[in-house]
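# Notes for the structure review
The chain contents come next:
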Amino acid sequence: MARLLYLECSPHAGRSGSARLLRPILDEAGASGLRVTTRSLAETALEPISTGYAQAITASDQRHDDVLACSGQLIDELEHSDGVLISTPMHNFTVPAALKLWIDYVLRVGRTFVATPAGKIGLLQDKPVLVLVRSGGVCTGDDARQPDFLTPYLRHVLHTIGIRNVQFSYLAGRQPPEHAWADARRSVLSLLDTLSSTGASA
Ligand SMILES: Cc1cc2nc3c(=O)[nH]c(=O)nc-3n(C[C@H](O)[C@H](O)[C@H](O)COP(=O)(O)O)c2cc1C
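Residues numbered from 1 in each chain as written. Predicted model: local features only at pLDDT ≥ 70, side-chain atom pairs only at ≥ 80, totals over all residues. Heavy atoms only, no water.

Below, the discussion takes up the layout of surface pockets. Of the voids in this model, the largest pocket is the one considered here, and its volume is about 240 Å³. For the largest pocket, the lining is made up of 18 residues, of which His-12, Ser-16, Gly-17, Ser-18 and Arg-134 are closest to its centre. Among the secondary structure elements, those contributing two or more residues to the lining of the largest pocket are helix H1 (17-31) and strand E3 (83-89). Counted by class, the lining of the largest pocket contains five nonpolar, eight polar and five charged residues. Taken together, Ala-2, Ile-25, Glu-28, Ala-29, Leu-34, Arg-185, Leu-189, Leu-192, Asp-193 and Ser-196 make up the lining of the second largest pocket. Mapped by element, the contributors of at least two residues to the lining of the second largest pocket are H1 and helix H6 (178-197). For the lining of the second largest pocket, the per-class residue count stands at six nonpolar, one polar and three charged. (1 Å grid on protein atoms, 1.4 Å probe; cavity = no way out; pocket = protein on both sides within 12 Å on 5 of 7 lines; lining within 4 Å. Points joined across faces, edges and corners; volume = space filled by probe spheres on them. Helix = DSSP H or I, 4+ residues; strand = E, 2+ residues; numbered from the N terminus. Nonpolar A, V, L, I, M, F, W, Y, C, P; charged D, E, K, R; others polar.)

Written out as structure tokens, the structure reads:
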């Protein structure tokens, strides 16, 4: 049975436009056998990075440190998924603070990547990831009137831990056109198809 991690990053949680698109699709997929783990960063806010955490991740033995529990749980959720759906708004040209915090807990030296003289090498198994980006203005293509630091940043973050199969889909503007919603829906269904056709194991 395939397992999907759904990472919901909007401060509006289930009331965001993206969640209103995604939650019914995922409910239906769940009823058909997909195992969905929802991590809503608004409904359950992550604690800011503490001094203890900052010290622990640079310690030589990280295994028994309680301060790493939250990080361990978030990494487990990622590792135990066959695919990931990240639904995020753009905030000030990049990822919202809630998603940045998730990244700070998940990118952990010695756990999800190793640092070598040649650069960082990811330790996680590759898996399909779809990032659905919601923005107030257009942020890609010739019509963009703002920089997009979100896409290259998130791609680099995921590459760092070994995840290279990353697709992006964009819902831009205060009221994205129907075709944009249809494209986003198609991208999500394609991810779910991939998961079910790979016959990911329990
Ligand atoms: C703090 C903040 C910063 C924002 N920065 C940007 C931005 O840089 N570019 C943009 O196009 N929209 C920006 N927006 C608008 C949101 O991306 C837009 O309202 C989006 O639809 C929110 O999606 P959501 O309802 O899923 O949270 C910002 C919104 C907030 C609250």
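So that's the structure; there's more coming.
Below, the discussion takes up unusual backbone geometry. Of note, Ala-13 is a non-glycine position whose phi angle comes to about 45°, a positive value. You can see Ala-13 is positioned in the loop between strand E1 (3-8) and H1. Among the residues examined, Ala-13 registers a relative accessible area of 6% and is labelled buried. Unlike most non-glycine residues, Phe-93 shows phi in positive territory, near 75°. Secondary-structure assignment places Phe-93 in the loop between E3 and helix H4 (97-106). (Buried < 20%, exposed > 50% of the residue type's maximum accessible area, 1.4 Å probe, protein only.)

Worth remembering: the numbers are spatial, not functional.
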